[in-house]
Amino acid sequence: MRRVELDYLRVCSMFAVITIHVTSSFIYNESVFAVAQVNLAFFLNQISRFAVPMFIIISGASLELSHHTDQRYSKYIFARLIKVLPPYLLWTAIYFYLSHSHGNTRDTFECLRQVIVSALTGNAAPHLYFIVVICQLYLLFPILRQACHRNITRTIFIVGGITLIIQEVLYFTYFGVNLLPQILRPYMWILFPTWMLYFVFGIVVAEYYDRIVSFCEEHRTEIIGVFLCMSILFTLDSKVTNSMDSSIKPSIILYTGVSFLALFTVSRIIVSFSKINLVVSYLARHSMTTYYCHVLMLNVLRRFNLFAIGMRGMFFLLVCVTISSIIFSIIYDSIFAIVKNKLG
């Protein structure tokens with residue numbers, strides 16, 4: 001069952017991911033709009049940090065809403081992976097080629113080894129790790145779903161504890177406290193325990209969807225107010241702790257939860273406008289391809305000097321990357337659909 005509110009969240013998360021990557025080059029630039037040494041780019045970058053956790057919440061909710069209880073595990077996992085892996089491997093190959101096209105690696109086996117490592121770790125581009133994480137969570141979904149149905153409070157407590165401890169430990173590294181073995185540290189970004197709470201939260205959202213709708217409609221003003229306060233506090237926390245480049249820290253768990261409620265509330269307000277719903281649903285269908293291609297568009301457009309001039313350049317770059325990524329995604333998905341239909 002497709003819920004229009006989730007489409008709104010998906011599109012907002014898509015825009016947020018693009019915003020994070022575009023603004024990252026401008027967060028230290030001087031600006032007349034700076035407050036407490038925080039410029040507009042920094043603020044936009046930080047308030048968009050809910051993006052990847054929100055995508056994981058949406059994935060958990062969408063799976064729970066569409067899951068058939070009588071479906072065999074092998075059939076379920078095949079359907080999931082066959083949908084995710086082909087485009088992921090294609091984009092991994094594209095980004096790997098672009099980043100190594102001027103390299104010195106000539107050995108075929110070494111090149112193949114690097115491609116395999118990139119595919120397994122999602123490091124061919126800065127945003128591909130999400131697919132590695134989501135594939136692990138897809139594999140675990142039946143187990144997590146069953147645990148939630150048996151005892152939802154216990155499941156949230158256990159999963160939440162695991163995720164919180166891991167994120168806290170990673171957060172300590174910003175203060176020079178290294179509690180993780182060196183061998184594990186580079187891989188915590190892509191291991192499912194770091195993100196598991198968001199996925200379980202998505203399952204819970206699907207289970208209590210109508211109650212969440214009622215809660216958001218009854219407390220619109222409070223939710224929006226808390227979100228605005230949290231946005232400011234979260235930004236200041238990132239500035240003070242110098243953790244602005246991380247989407248893994250305890251404060252993001254709370255911030256993502258508040259952002260979910262705020263965006264859900266806004267979507268409930270807008271949902272009465274049918275034409276907007278059509279546009280949002282259309283963009284949501286292309287959101288995954290937009291997610292894949294936006295870094296490519298960003299890397300191409302960054303070569304032009306007109307995008308490097310202050311905050312105006314940043315906003316112009318943000319608009320151009322967003323529009324070009326969406327257009328590319330629509331064309332790409334249309335061609336893919338035509339080829340798929342012809343092949344049967």
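Scroll up a little and you will see the structure.
This section reports on the structure supplied with the text. This one's a predicted model, so the numbers in the text were calculated from it and none came from an experiment. (Residues numbered from 1 in each chain as written. Predicted model: local features only at pLDDT ≥ 70, side-chain atom pairs only at ≥ 80, totals over all residues. Heavy atoms only, no water.)

Observations concerning the environment of phenylalanine 157
Tracing the sequence through the fold places phenylalanine 157 in helix H7 (residues 152-172). According to the relative accessible area criterion, phenylalanine 157 is exposed, its value standing at 67%. Sequence spacing of phenylalanine 157 and leucine 197 is 40 residues, and the spatial spacing of their C-alpha atoms is 9.3 Å. (Helix = DSSP H or I, 4+ residues; strand = E, 2+ residues; numbered from the N terminus. Buried < 20%, exposed > 50% of the residue type's maximum accessible area, 1.4 Å probe, protein only.)

Observations regarding unusual backbone geometry
Trans is the prevailing form of peptide bonds, just as negative phi is the prevailing case for residues other than glycine. Backbone geometry at asparagine 242 places phi at a positive 55°, although glycine is not the residue there. Note that asparagine 242 resides in the loop between helix H10 (220-241) and helix H11 (250-270). According to the relative accessible area criterion, asparagine 242 is partly exposed, its value standing at 48%.

Some remarks on the packing of helix H1 (residues 4-23) against helix H13 (residues 287-301)
Interhelical geometry of H1 versus H13 gives an angle of 15° and a closest axis separation of 10 Å. In terms of axis orientation, H1 runs roughly parallel to H13. With respect to the hand of their crossing, H1 and H13 are arranged in right-handed fashion. For the pair formed by H1 and H13, the contact residues are Arg10, Met14, Val17, Ile18, His21 and Val22 on the first element and Ser287, Thr290, Tyr291, His294, Val295 and Leu298 on the second. (Axes fitted to C-alpha atoms, helices over the stretch in contact; angles between N-to-C directions. Parallel < 35°, antiparallel > 145°, perpendicular 65-115°, else oblique. Left-handed = near helix turned anticlockwise from the far one by under 90°. Contact = heavy atoms within 4.5 Å.)

Comments concerning the layout of surface pockets
Estimated volume of the largest pocket: approximately 1,300 Å³. Lining the largest pocket are 37 residues, with Arg80, Lys83, Val84, Arg285 and Met288 sitting closest to its centre. Broken down by secondary-structure element, the contributors of at least two residues to the lining of the largest pocket are H1, helix H3 (51-66), helix H4 (73-100), helix H6 (129-150), helix H12 (274-285), H13 and helix H14 (310-343). Counting residues per element, the lining of the largest pocket draws most heavily on H4, which supplies 9 residues. Taken together, the residues of the lining of the largest pocket break down into 23 nonpolar, 6 polar and 8 charged. Quantified by volume, the second largest pocket comes out at close to 440 Å³. Ile20, His21, Arg49, Pro126 and Asp245 are, among the 23 residues lining the second largest pocket, the residues nearest its centre. The class makeup of the residues in the lining of the second largest pocket is 12 nonpolar, 8 polar and 3 charged. (1 Å grid on protein atoms, 1.4 Å probe; cavity = no way out; pocket = protein on both sides within 12 Å on 5 of 7 lines; lining within 4 Å. Points joined across faces, edges and corners; volume = space filled by probe spheres on them. Nonpolar A, V, L, I, M, F, W, Y, C, P; charged D, E, K, R; others polar.)

A look at the pattern of salt bridges
Counted by the stated rule, this structure contains 6 salt bridges. For glutamate 64, the salt bridge is made with arginine 145, and the minimal N-O distance between the two is 2.8 Å. With a gap of 81 residues between them, glutamate 64 in helix H3 and arginine 145 in helix H6 connect regions that are remote in the sequence. Both residues of the pair, glutamate 64 and arginine 145, belong to the buried class. Glutamate 110 is paired through a salt bridge with arginine 113; the nearest N and O atoms lie 2.9 Å apart. With glutamate 110 and arginine 113 both in helix H5 (residues 108-121) and 3 residues apart, the pair spans about one turn of that helix. The exposure class of arginine 113 is partly exposed, given its relative accessible area of 45%. (Salt bridge = Lys/Arg side-chain N within 4 Å of Asp/Glu carboxyl O.)

Some thoughts on the environment of cysteine 293
Examined against the element boundaries, cysteine 293 turns out to sit in helix H13. Residues in contact with cysteine 293, not counting those within four places in the same chain, are Trp91, Tyr95, Ser325, Phe328 and Ser329.

Here's the deal with helix H8 (residues 196-207)
Taking 1.5 Å per residue as the helical rise, H8 with its 12 residues ought to reach 16 Å, and the 17 Å between its terminal C-alpha atoms agrees with that figure. Extensive coverage of H8 is indicated by the burial of 10 of its 12 residues. By the burial criterion, the buried members of H8 are Met196, Leu197, Tyr198, Phe199, Val200, Gly202, Ile203, Val204, Val205 and Ala206. If you follow the buried residues of H8, they end up packed against H3, H6, H7, helix H9 (209-218) and H11. (Expected span 1.5 Å × (residues − 1).)

What to know about the packing of aromatic side chains
One pass over the structure, following the stated rule, counts 22 aromatic pairs. When the ring of phenylalanine 201 is compared with that of phenylalanine 260, the centres are 5.4 Å apart and the planes differ by 80°; the resulting orientation is edge-to-face. Separated by 59 residues along the polypeptide, phenylalanine 201 in helix H8 and phenylalanine 260 in helix H11 bring together distant segments of the chain. Geometrically, the ring pair formed by phenylalanine 234 and tyrosine 255 is stacked, given 4.7 Å between the ring centres and 0° between the ring planes. Residue phenylalanine 234 is found in helix H10, and its partner tyrosine 255 is found in helix H11; the two are separated by 21 residues along the sequence. Neither phenylalanine 234 nor tyrosine 255 differs from the other in exposure class; each is buried. In this structure an aromatic cluster arises from ring pairing among Phe55, Trp91, Tyr95, Phe130, Tyr291, Tyr292, Phe328 and Tyr332. (Phe/Tyr/Trp six-rings, centres within 6.5 Å; stacked < 30°, edge-to-face > 60°.)

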